[in-house]
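Okay, here's what each chain looks like letter by letter:
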2 protein chains.
Amino acid sequence: MEIEEGRIGSRVFREKVMEAEEAAELIKDSMVVATSGFTPAGYPKAVPLALAQRAEKDPFQITLLTGASVGDELDGALTRAGVIARRIPYQTNKDLREAINCGGVKFVDVHLSHMAPMIRYGFLGNIDVAIVEVVKIREDGSLVLSTSVGNSPTFLEQADKIIIEVNISQPLELEGLHDIFIPEDPPHRRPIPLQRVSDRIGEPSIKIDERKLAGVVITDIKDDSRGFPPPDENSKRIAENIIRFLKKEIDEGRLPPDLLPFQSGVGGIANATLRGLLGLGIKDLELYSEVIQDSVLDLIEEGCLKFASGTSLTLSPEKRDYFNKNVEKFKEKIMLRPQEISNNPEIIRRLGIIAMNTAIEADIYGNVNSTHIGGHKMMNGIGGSGDFSRNAYISIFSTPSSRKGGEISCIVPRCSHIDHTEHDVQVIVTEQGVADLRGKTPQEKAEIIIENCAHPDCRAMLGDYFSRCKNECFGQTPCLKREK
Amino acid sequence: MEIEEGRIGSRVFREKVMEAEEAAELIKDSMVVATSGFTPAGYPKAVPLALAQRAEKDPFQITLLTGASVGDELDGALTRAGVIARRIPYQTNKDLREAINCGGVKFVDVHLSHMAPMIRYGFLGNIDVAIVEVVKIREDGSLVLSTSVGNSPTFLEQADKIIIEVNISQPLELEGLHDIFIPEDPPHRRPIPLQRVSDRIGEPSIKIDERKLAGVVITDIKDDSRGFPPPDENSKRIAENIIRFLKKEIDEGRLPPDLLPFQSGVGGIANATLRGLLGLGIKDLELYSEVIQDSVLDLIEEGCLKFASGTSLTLSPEKRDYFNKNVEKFKEKIMLRPQEISNNPEIIRRLGIIAMNTAIEADIYGNVNSTHIGGHKMMNGIGGSGDFSRNAYISIFSTPSSRKGGEISCIVPRCSHIDHTEHDVQVIVTEQGVADLRGKTPQEKAEIIIENCAHPDCRAMLGDYFSRCKNECFGQTPCLKREK
């Protein structure tokens, strides 16, 4: 494949250019393979596809570590080829999810901020090979990442061997978008010097130990990212409720008038909320989050978003083309950092983040299930929701009050699985309303959640459950006898 | 009451000296009262007792905020007098616990590091009166706290009125033991500059707005603290298992040879563990924890503990007398900080704390219940266990495998209440053994926990439950149909 000048500035790297199939040969059965990628952005594509192909005639299995979810060329293709034995720390791929829930793939669900330190501390074993997508190798041999940072800096530092994918579909102008910083390990760690969303604390590229370089593969496969559908009626109403809540917090002096930086899960509610705040005249918003989506570019262009810090840039194909033509402009307002920094409790508490995450279900006592459908089937994983919600200035969880046309209540008597406990859930929002749980007892929470958040069709059922609890096993948190 | 010279150095304060009964009159029905105290150490005593007495003829109720648990003169006396309507954020008093579980007192269970910022952000409403125990008021009017710091700095800053209890049973030499630091509020917070357990980052005393001073009461009632019974057989075996585990971590390079600072819950297991490590020749231990107990003094005297940072000094009456005669010596090795700093995620991650907390029960998937007996009755509260376990370098939960002579298994199919989720529990230790859960799936965790930690009499029952789960609702985390 032909590549522009400047893509591979270092001779050492040029001498290691090889076909994806050849690089894939470096990966053997039982190896631990760690890759770049966070959402379908910046993950390696050519080598994983070659690996999947090889597995058809030569079956083998690996442990796969990433930043978070990745594109179908990696999680999908390798799952279908039976290559993934174990997967850490997060995923959203349909085929992989099915394999996890059938027992075909072992999945370990980890707080995203915990992943890099756990690797460095040796808690997850040795990394045999790191595969990392870059846009460019500089003359000094340092790597310029592409559309995500994730755990790549730590993977590159810790892996025995390194395979680089140079993706020529990603623009060279991404150089300068990244801020690479690895904290020292205890007991020698110093304060992480980030004090403003826009602070640059690290380097734009990553130096590696070149003795570990095993191969360089050139590819032009694009990120498998898609746009999000426009928000539905429920999402709009949830966003309106969040906006009304935040407005009241400002009016009553519990939030600064110009608000605080936002973290938001991926999707329509967050977009609708940010837009709604602008409608209220609140300007100069800042984002300190994981994923930078389409709407962030719009808000920047409209002059409403001062700065966005994330660990991945996940744009629809249309927005991506637009971004690629205007990288220089956007680079002044966007920065990508390692997920250990984007999700770091130290920084999240310091900046005072307003955290907005979604729930699969919430129970009447304010516990939240973010991961398991029906308590047993894995959906995606906890992701960064724990990093942000535990440390936020204010922590909001949203969910529609019911799903499947009202057949399933998302406000339940008791969560079938708990990822966020009563101690971490400050505000629950549905399209029905807002439950402000700060300073409330479990029983007060139950009354507020049933009244304000449950679907009207489910209120009587939930109220009846709560009454029976109070009759059967009273106490701080009443429950039914069989639940004891 | 006669007091030594130097106890009240400021005229403004001397002019406000009054009887406890008179100070108690300042507290009216429905007020929010915030006091010093963390464990039965450094809490006000005379005014609460006067309040309880007043309530006998003039019933009234208050919301009571503290650092954590406090002595019986406060939580006990006020509960028995029916004065407490609402209590935040932690308690261990028998009478109060009963009142909470009968619905007589509303209890809000909060992460201890969250309390001060929630107050400053206005999330828990306005504080009408702060009552704070001190050993001394300096000539410049600044307050020298006594045996705990807790939330006192923020309570004093935020309260409308201030009552000071000068406790002459606490030695004047405590001056210099405290390190008072309140972080800036977002968005202006800077890094908390603490980088070593022994770093002093703040002031030894607290300046207040003297216009808020409403009364100064002199008392000589001693802290209601008691020693802990010597560790029982199970605690000893748990400690041995923890030591063996830590030794292996050092040997295999996952922990530095001279270890990292410890956090430990209150009680015998922690003491036995620290002692055991010394037996292994591991020296120069450091403690970055909440409570400094008797054994810490012994370890310091033996030259084995380099430094201990906490938020309260909770000694048995015998050790207290010894400490009081040797304060100057111990002050070089002990520091008390606000609980917002002792329990701060930023500091806990930076220092790389080894966290040791106890569980009421743990389930086979690695979730932990720290608060509720039988899922409905409050025991004490979550305390600082969430602050430490989520952010620790390594997080250990311990429990005997069974209680009440084997009648109750502490390893259960499903926790009746969850305070620490599968994402936060890295290691479970019982007297039976150690379950190292790092990098394991829920199903792998179940096998290890049942095999290594459950009481032998309960293993078959737990194994049977796990098998039935796998048959009924398979998936990432198998469960029974009725648990869905």
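Residues numbered from 1 in each chain as written. Chains lettered and ligands numbered in written order. Predicted model: local features only at pLDDT ≥ 70, side-chain atom pairs only at ≥ 80, totals over all residues. Heavy atoms only, no water.

### What about the side chain of A:Thr314?
Residues and elements named next belong to chain A.
Then step 1. Relative to the helices and strands, Thr-314 resides in the loop between β13 (312-313) and α11 (317-325).
Then step 2. Within the local environment of Thr-314, its side chain forms a polar contact with the side chain of Ser-312, the two groups lying 2.9 Å apart.
Then step 3. When neighbours within four sequence positions are excluded, Thr-314 is seen to be in contact with Phe-38, Thr-39, Pro-40, Ala-41, Ser-225, Val-291, Ile-292, Gln-293 and Asp-294. (Helix = DSSP H or I, 4+ residues; strand = E, 2+ residues; numbered from the N terminus. Polar contact = N/O pair within 3.5 Å; in protein donor to acceptor, adjacent residues only side chain to side chain. Contact = heavy atoms within 4.5 Å.)

### What about the interface of chain B and chain A?
Then step 1. Contacts between the two partners involve 74 residues from chain B, matched on the other side by 75 residues from chain A.
Then step 2. Taken together, both faces of the contact between chain B and chain A bury some 6400 Å²; the carbon and sulfur share is 51%.
Then step 3. On inspection of chain B and its partner chain A, the count reaches four salt bridges.
Then step 4. A salt bridge links A:Arg86 to B:Glu444, with the nearest nitrogen and oxygen atoms 2.3 Å apart.
Then step 5. Across the contact surface, chain B and chain A share 40 residue pairs in polar contact (both at pLDDT 80 or more).
Then step 6. Among the elements of the structure, α5 (94-102), β4 (106-107), α14 (345-351), α15 (385-391) and α16 (442-452) of chain B are those that each provide at least two residues to the side of chain B that touches chain A.
Then step 7. The element best represented in the side of chain B that touches chain A is α14(B), accounting for five residues.
Then step 8. Partitioning the side of chain B that touches chain A into residue classes produces 26 nonpolar, 25 polar and 23 charged. (Buried area = accessible area lost by both parts, 1.4 Å probe. Salt bridge = Lys/Arg side-chain N within 4 Å of Asp/Glu carboxyl O. Nonpolar A, V, L, I, M, F, W, Y, C, P; charged D, E, K, R; others polar.)

### Topic: the nonpolar core
Then step 1. One finds B:Ile164 and B:Phe262 to be the most contacted residues of the largest nonpolar core, which totals 79 residues.
Then step 2. Among the elements that line this core, the one with the most residues is helix α8 (residues 233-251) of chain B, at six residues.
Then step 3. Apart from residues no more than four positions distant in its own chain, B:Phe262 is found in contact with B:Leu246, B:Leu274, B:Leu277, B:Leu285, B:Glu286, B:Leu287, B:Tyr288, B:Ser289, B:Ile353, B:Ile354 and B:Met356.
Then step 4. The next biggest cluster of nonpolar side chains, apart from the first, holds 78 residues, and it includes A:Val132, A:Val166, A:Val216 and A:Ile394. (Core = buried A, V, L, I, M, F, W, Y, C linked by side-chain atoms within 4.5 Å. Buried < 20%, exposed > 50% of the residue type's maximum accessible area, 1.4 Å probe, protein only.)

### Regarding the state of the cysteines
Residue and element names in this part refer to chain B.
Then step 1. Tallying each qualifying case throughout the model produces zero disulfides over all chains.
Then step 2. Cys-415 forms no disulfide, and the closest cysteine sulfur to it belongs to Cys-410, at a distance of 10 Å.
Then step 3. Overall, the relative accessible area of 8% leaves Cys-415 in the buried class. (Disulfide = S-S within 2.5 Å.)

### Regarding the sheet that holds strand β16 (residues 361-363) of chain B
Residue and element names in this part refer to chain B.
Then step 1. Taken in spatial order, the three strands line up as β17-β16-β23 in an open sheet, and their pairing is mixed. Taken across any chain shown, the strands that pair with only one partner, and hence form the sheet edges, are β17 (368-369) and β23 (411-412).
Then step 2. Where β16 meets β17, two bridges bridge the pair, whose relative direction is antiparallel. What sits directly across from Glu-361, in β17, is Asn-369. (Pairing = 2+ DSSP bridges.)

### Description of the pattern of salt bridges
Then step 1. In the structure shown here, the tally under the stated rule is 68 salt bridges over all chains.
Then step 2. Across the pair B:Arg11 and B:Glu15 runs a salt bridge, and its minimum N-O distance is 2.7 Å. Each member of the pair, B:Arg11 as well as B:Glu15, carries the same accessibility label: exposed.
Then step 3. Between B:Asp58 and B:Arg54 there is a salt bridge, with its nearest N and O atoms 3.1 Å apart.
Then step 4. In this structure B:Asp58 comes out as partly exposed when scored by relative accessible area, which is 34%.
Then step 5. One network of salt bridges, in which partners are shared, links A:Glu249, A:Glu252, A:Arg254, A:Asp436 and A:Arg438.

### Digging into the relation of the copies chain B and chain A
Then step 1. Overlay of chain B on chain A (RMSD 0.0 Å): rotation 180°, translation along the axis 0.0 Å. What we have between these two chains is a two-fold relation. The rotation axis passes nearest to the C-alpha of B:Glu346 in chain B, at a distance of 2.1 Å.
Then step 2. Of all interface residues in chain B, 100% are interface residues in chain A too; the two copies therefore contact each other through one and the same surface. (Least-squares fit on C-alpha atoms with pLDDT ≥ 70 in both.)

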